[in-house]
Amino acid sequence: VVAVHGHDGCGKTTILHEVANDSTVRAAFPDGIFMLRLGADPEPGFLQATLLRLLGELTPFHGKAEATDLLARAFGELRALIILDDVLAANDASGFIEALVLCKGCRLLLAAPTRQILTEAGVAHECMFGARPAEPELLQKILQALCKDP
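What comes next is a walk through the structure.

Criteria and cut-off values
Residues numbered from 1 in each chain as written. Predicted model: local features only at pLDDT ≥ 70, side-chain atom pairs only at ≥ 80, totals over all residues. Heavy atoms only, no water. Buried < 20%, exposed > 50% of the residue type's maximum accessible area, 1.4 Å probe, protein only. Helix = DSSP H or I, 4+ residues; strand = E, 2+ residues; numbered from the N terminus. Pairing = 2+ DSSP bridges. Phe/Tyr/Trp six-rings, centres within 6.5 Å; stacked < 30°, edge-to-face > 60°. Axes fitted to C-alpha atoms, helices over the stretch in contact; angles between N-to-C directions. Parallel < 35°, antiparallel > 145°, perpendicular 65-115°, else oblique. Left-handed = near helix turned anticlockwise from the far one by under 90°. Contact = heavy atoms within 4.5 Å. Nonpolar A, V, L, I, M, F, W, Y, C, P; charged D, E, K, R; others polar. Patch = residues over 30% accessible without salt bridge, like charges linked within 9 Å, V, L, I, M, F, W, Y side chains within 5 Å. Areas by Shrake-Rupley, 256 points an atom, 1.4 Å probe, with all protein chains shown as cover. Salt bridge = Lys/Arg side-chain N within 4 Å of Asp/Glu carboxyl O.

## Topic: unusual backbone geometry
Then, in step 1: Not every positive phi belongs to a glycine, and D86 is a case in point at roughly 60°.
Then, in step 2: Owing to a relative accessible area of 19%, D86 belongs among the buried residues under this scheme.

See the structure below:
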């Protein structure tokens, strides 16, 4: 899991879009780059179902545990990048994190307003990057963290 944090308007979403459109990232994740916005009142079950449908998985699920299991199986052998923008609470991202850390070829990129949210979500401190306006090195740091071997 790689993450970027910073106050509203500092450019987190812009950085996420730059990452998603980078040719190195596209080559590193040939099975797809998926970007979801969580926001103030996310419905993680709905977002997980949306992600599963994008992969052609139509199996219904009941509850977070089943959704997590389906995500882990659907992404199991894929090389994909999942980007979660506007993570306002650690719990909102937990089902995605639990499922995707089991997938060797997948990476998860999170954006949150505070470092505390990312810490509560279990993101390692060396994988957190603070977003500041006009910091061109930030994109390179994130690309290096995402594209290195697990």
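## A look at helix α5 (residues 90–100)
Think of an α-helix as 3.6 residues a turn; residues three or four steps apart then line up on the same face.
Then, in step 1: Counting buried residues in α5 gives nine out of 11 residues, a clear majority hidden from the surface.
Then, in step 2: Among the residues making up α5, those that are buried are A90, D92, A93, S94, G95, F96, I97, A99 and L100.

## Considering the pairing of strand β1 (residues 2–5)
Then, in step 1: What you see with β1 is no split at all: V2 and V4 on one side and A3 and H5 on the other are buried throughout.
Then, in step 2: Sheet topology note: the β1/strand β4 (residues 107–112) ladder contains four bridges and is parallel. In the sheet register, H5 faces β4, and the bridge partner there is A112.
Then, in step 3: Inspection of the sheet shows β1 paired to strand β5 (residues 128–130) by three bridges, in the parallel sense. Note that in β5 the partner of H5 across the bridge is G130.

## Some words on the packing of aromatic side chains
Then, in step 1: Across all of its chains, the model carries one aromatic pair by this definition.
Then, in step 2: Centre to centre, the rings of F34 and F75 are 5.7 Å apart; their planes meet at 90°, and the pair counts as edge-to-face. Here the residue F34 occupies a position in strand β2 (residues 33–37), and F75 occupies one in helix α4 (residues 64–75), the gap between them amounting to 41 residues. Neither F34 nor F75 differs from the other in exposure class; each is buried.

## Some remarks on the packing of helix α3 (residues 44–54) against α5
Then, in step 1: Running from N to C, α3 and α5 cross one another at 30°; their axes reach a closest spacing of 10 Å. One way to sum up the angle between α3 and α5 is to call them roughly parallel. As α3 packs across α5, the resulting crossing turns out to be right-handed. Contacts from P44, L47, Q48 and L51 in α3 reach D92, G95 and F96 in α5.
Then, in step 2: Split into classes, the residues belonging to the contact of α3 with α5 amount to four nonpolar, two polar and one charged.

## Considerations on the sheet that holds β1
Then, in step 1: In space, the five strands of this open sheet follow the order β2-β3-β4-β1-β5, with parallel pairing throughout. Lying at the two open borders of the sheet, with one neighbouring strand each, are β2 and β5. Direction aside, the axes of adjacent strands within the sheet are offset by 15° on average.

## Concerning a nonpolar patch on the surface
Then, in step 1: A grouping of V1, V101 and L102 is seen on the molecular surface, where their side chains present a nonpolar patch of about 270 Å² in accessible area.
Then, in step 2: By the element assignment, V1 lies in the segment before β1.
Then, in step 3: Judged by relative accessible area, V1 falls into the partly exposed class, the value being 31%.

## Digging into the packing of α3 against α4
Then, in step 1: Between α3 and α4, whose axes approach to 10 Å, the crossing angle comes to 25°. Classified by the angle their axes make, α3 and α4 are roughly parallel. Considering the relative orientation of α3 and α4, their crossing is left-handed. Listed contacts from α4 to Q48, L51 and L52 of α3 are A67, T68, L70, L71, A74 and F75.
Then, in step 2: Considering only residue class, the contact of α3 with α4 consists of seven nonpolar, two polar and no charged.

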